[in-house]
Amino acid sequence: MNTIAYFLVVPLGTALLLVIFGRWVVRWAGIIVSVVFSALTALVVQCYFINQLPFTVAVGGWEPVQGIPLGIHWVVDGFTLLMLALINFTGAIVALYSISSMKSYTKLRKYYALLMLLGLGMNGVALAGDLFTMYVFLEISAISSYILVAFGRGAEELEASFKYQVLGGSASMLILFAIALVYRLTGTLNIADASRVLSGQSAEMTMLFTGALFLTGFGLKAAIMPFHSWLPDAHPAAPAPVSAILSGVVIKVLGIYPLCRLFYHFIGFEGVWTGIWLVLGAISLMVANILALAQWDIKRLLAYCSISQIGYIVIAMGLGTELGIIAGLFHMANHTIFKSLLFFNAGAIEHATGFRDLRKLGGLRTKMPVTYATSLIASFSIAGLPPFSGFWSKLLIIIACMKAGHPFLAIWAALGSMLTLAAFLKFQHHGFGGPDKEYQQSIKEVSFSSQIAMIILAILCLGMGCLMLPGLRSAILEPAANILSQGLNATTLFLGN
Amino acid sequence: MKHGMSVIVQSIARLMVPFIWMFGIYIIAHGHISPGGGFAGGVFLAGGFILITLAFGSAPDKEERSQDFASKLESEALLIFLIMASIGLVLKLGLMANLLAKTHPGLPGHIAAGGLIPWENLAIGVEVSAALAVMFIAFARHRLKE
Amino acid sequence: MTLYLLTFILFAVGLYGVWTKRHLIRIILGLVIMETAMNLFLILVGYREDGVAPIITENSSNTAVMVDPIPQALVLTAIVIGLATTALLLAFSVRIYAKYQTLDLNKIRNLRG
């Protein structure tokens, strides 16, 4: 159980060592960071095998007294482990891709240190058992991501990052407001303990207000539709590997994960919340897809597509049924893989040709075969064509909608999927198809390490469907879904030991 | 920034800075038994440094060197804090376990109490003062460039 | 209750500043005001009538008359975080100013929605 702390100590230590000794190791920094994240991923796998889930770890040995938690607790359950696996795996792949694609930037040791700090923050958010610890780690990862977005220091990057910071900062303040309200109401910050205190009293209006604040705050971080305006600027402006990690995991860990945790384990899904989640999800899904279809900038198209996929996840999570939760988690994992891959592809195209406007691109099929093949797999995957991973998760979401008695929502999701397909056909056609253009003589495929990163993700895109096989499903997805679908009752598990 | 300020400001700064630093050190050293601690004390230390720089000015090349130095100092102090926090982890007692508190409990309310906490406070104090100094120098240097 | 209301109003003032002003420094000021309002609110949450500083010594160990120390710790942490975000925002506005020679958002926003 002590190994859990390595998820925080190791990234922080690596980041500091990179800053101190960066001058000598900067050549190997990408490899070091990649290895560290891979080791942490291996640690997650080990946690799946060794420990009885869920369990809590008291920081500094401050064990609970008579079931009342005193200090900070790390809470580890299936959901946490799933998120940790996604964070650290994506971190490893992103570091691998960064080795060659970030070569043209200066101050690389700071880039890798920030990447590690981003990983630290997200690991902390995933592990935090109380609201304020979650808030602190949220801010650590948010601040690192603000700097990473503006790492190119161009005008566009700075503006996008400023917008991101202002909206992210207001979101943090709303979250802090909600945390203060929770503390005033319950006298504790521990999510499980607060939920238990709250079950004894009726404070519906305050909880409604608190829930609305949490939904707005974390919704801003997750870029759910009415709060999305920063994402289409910030994600395209960032360097390609940073966009991959931002779209792949950051919006989920900073937005969707705390929302699910709080709404399932603390606020409870009774009353109006199901409806609000479904409406928000449906809006994000459709509107973002339509906007994505209208984009000519590759990365902007991908960014809008991220919002629409977040919409799918919000719908699935908002259903509240166990099947819906499994579908949502599955789609979350899938989206991490294929969206990172698509941003890698976009980065490769931009690196090779120098621009990312689809109207100017074309005919890259023969010049960049690896990028072409992997992006085809990722596009089919995100569009939900069988047998790629996205198909299975979207199918599950549609089935879950039908079973929960929302046939209209199922049709809506299927329609959205068609729009996604259209957007990605456009991407494929204008990017890789079509006649050769004159600039193509000098184009080369990206470097070997970037190709490796893309190929690993493409293989995973094909293989993620295996998560539906009974063995893997009961090992990975079901523990996570179980802990959420138990709702408020699950919180007693976090107070037990 | 190059020239510094008038002789009045310089004299007052010369008079005040030792006391500011003394107070900062006091706040850091008493962090575990009274309000304050590493962050508050570190802010005082950095404040003394900022006052000196504003009053006496500094040369651009010196600023670059001190920014590098402060940046490294910040990371090193945090690394020392991290090492102190993970001693407990290595000994299977959990992250941030307070080892010294068991063997050397000290007197409650006395400065020699709290086990590892005063040392951790010291590391945090150095980290915060270095961080604030980095921020100040970075802004000051940007002004010089224009 | 009046005090709570005042912090809410302060928070609303900050939010208003962030969402309506078109000047970078004013937006940052709005964020800082929101943050201050939040810190005041947290302090109010922990306040007890006639409470003393929450330090246990030989002379005073009656926890009933002490103010709640947890919100104070939270405020201290929130201040540190606020310092970092504000410094970062100011650094960015310095850089944006160097690029555009202006801090007016209407003149520098060339990104599409």
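Further up the page is the structure itself.
Residues numbered from 1 in each chain as written. Chains lettered and ligands numbered in written order. Predicted model: local features only at pLDDT ≥ 70, side-chain atom pairs only at ≥ 80, totals over all residues. Heavy atoms only, no water.

1. A few points about the nonpolar core
All names here are of chain A.
So, step 1. Among the nonpolar cores identified, the biggest contains 227 residues, and Tyr 111, Phe 214, Phe 266, Met 317 and Leu 329 are the most heavily contacted of them.
So, step 2. Counting residues per element, this core draws most heavily on helix H10 (residues 240-267), which supplies 19 residues.
So, step 3. Among all residues touching Tyr 111, those that are not within four sequence positions of it are Val 94, Ser 98, Met 102, Leu 148, Phe 151, Pro 241 and Val 242. (Core = buried A, V, L, I, M, F, W, Y, C linked by side-chain atoms within 4.5 Å. Buried < 20%, exposed > 50% of the residue type's maximum accessible area, 1.4 Å probe, protein only. Helix = DSSP H or I, 4+ residues; strand = E, 2+ residues; numbered from the N terminus. Contact = heavy atoms within 4.5 Å.)

2. Observations concerning the packing of aromatic side chains
Residues and elements named next belong to chain A.
So, step 1. One pass over the structure, following the stated rule, counts 26 aromatic pairs over all chains.
So, step 2. Note on Phe 263 and Trp 273: the rings are 5.1 Å apart at their centroids and 75° apart in plane angle, and the pair reads as edge-to-face. Pair noted here: Phe 263 is in helix H10 and Trp 273 is in helix H11 (residues 273-293), with a separation of 10 residues, a long-range link.
So, step 3. Under the relative-accessibility criterion, Trp 273 is labelled buried at 6%.
So, step 4. Summarising the aromatic geometry, the rings of Tyr 372 and Phe 432 are spaced 5.3 Å apart at their centres and angled 50° between planes, so their arrangement reads as tilted. Of this pair, Tyr 372 sits in helix H14 (residues 369-383) while Phe 432 sits in the loop between helix H16 (407-431) and helix H17 (448-463); the two residues are 60 residues apart in sequence, bridging distant segments of the chain.
So, step 5. On the basis of relative accessibility, which here comes to 24%, the residue Tyr 372 falls in the partly exposed class.
So, step 6. On the accessibility criterion, Phe 432 (0% relative accessible area) is buried. (Phe/Tyr/Trp six-rings, centres within 6.5 Å; stacked < 30°, edge-to-face > 60°.)

3. Topic: the interface of chain A and chain C
So, step 1. The interface of chain A with chain C comprises 36 residues on the first partner and 38 residues on the second.
So, step 2. With both sides pooled, the region where chain A packs onto chain C buries about 3,500 Å², and carbon together with sulfur makes up 77% of that total.
So, step 3. It is A:Glu159, A:Phe162 and A:Tyr183 in chain A that bury the most area against chain C; as a group they hold 21% of the surface buried on that side.
So, step 4. Joining chain A to chain C, the criterion identifies 0 salt bridges.
So, step 5. Counting across the chain A and chain C interface gives 4 residue pairs in polar contact (both at pLDDT 80 or more).
So, step 6. Contributions of two or more residues to the side of chain A that touches chain C are made by helix H5 (131-149), helix H6 (155-186) and helix H12 (298-319) of chain A. (Buried area = accessible area lost by both parts, 1.4 Å probe. Salt bridge = Lys/Arg side-chain N within 4 Å of Asp/Glu carboxyl O. Polar contact = N/O pair within 3.5 Å; in protein donor to acceptor, adjacent residues only side chain to side chain.)

4. Remarks on a nonpolar patch on the surface
Residues and elements named next belong to chain B.
So, step 1. A grouping of Met 5, Val 7, Ile 8, Val 9, Ile 12, Leu 15, Met 16 and Leu 54 is seen on the molecular surface, where their side chains present a nonpolar patch of about 730 Å² in accessible area.
So, step 2. Per-element tally for the nonpolar patch: the top contributor is helix H1 (residues 7-29), with 6 residues.
So, step 3. Tracing the sequence through the fold places Met 5 in the segment before H1. (Patch = residues over 30% accessible without salt bridge, like charges linked within 9 Å, V, L, I, M, F, W, Y side chains within 5 Å. Areas by Shrake-Rupley, 256 points an atom, 1.4 Å probe, with all protein chains shown as cover.)

5. Description of the packing of H6(A) against helix H8 (residues 204-222) of chain A
Packed helices, taken two at a time, are described by their axes: the angle between them and the distance between them.
Residues and elements named next belong to chain A.
So, step 1. Closest axis-to-axis distance for the H6/H8 pair is 8 Å, and the angle between their directions is 155°. Comparing their axes, H8 and H6 come out roughly antiparallel. For the pair H6 and H8, the sense of crossing is left-handed. Here Leu 167, Gly 168, Ala 171, Ser 172, Leu 174, Ile 175, Phe 177, Ala 178, Ile 179, Leu 181, Val 182 and Leu 185 of H6 lie close against H8, whose contacting residues are Thr 206, Met 207, Phe 209, Thr 210, Leu 213, Phe 214, Thr 216, Gly 217, Phe 218, Leu 220 and Lys 221.
So, step 2. Considered class by class, the residues forming the contact of H6 with H8 number 16 nonpolar, 6 polar and 1 charged. (Axes fitted to C-alpha atoms, helices over the stretch in contact; angles between N-to-C directions. Parallel < 35°, antiparallel > 145°, perpendicular 65-115°, else oblique. Left-handed = near helix turned anticlockwise from the far one by under 90°. Nonpolar A, V, L, I, M, F, W, Y, C, P; charged D, E, K, R; others polar.)

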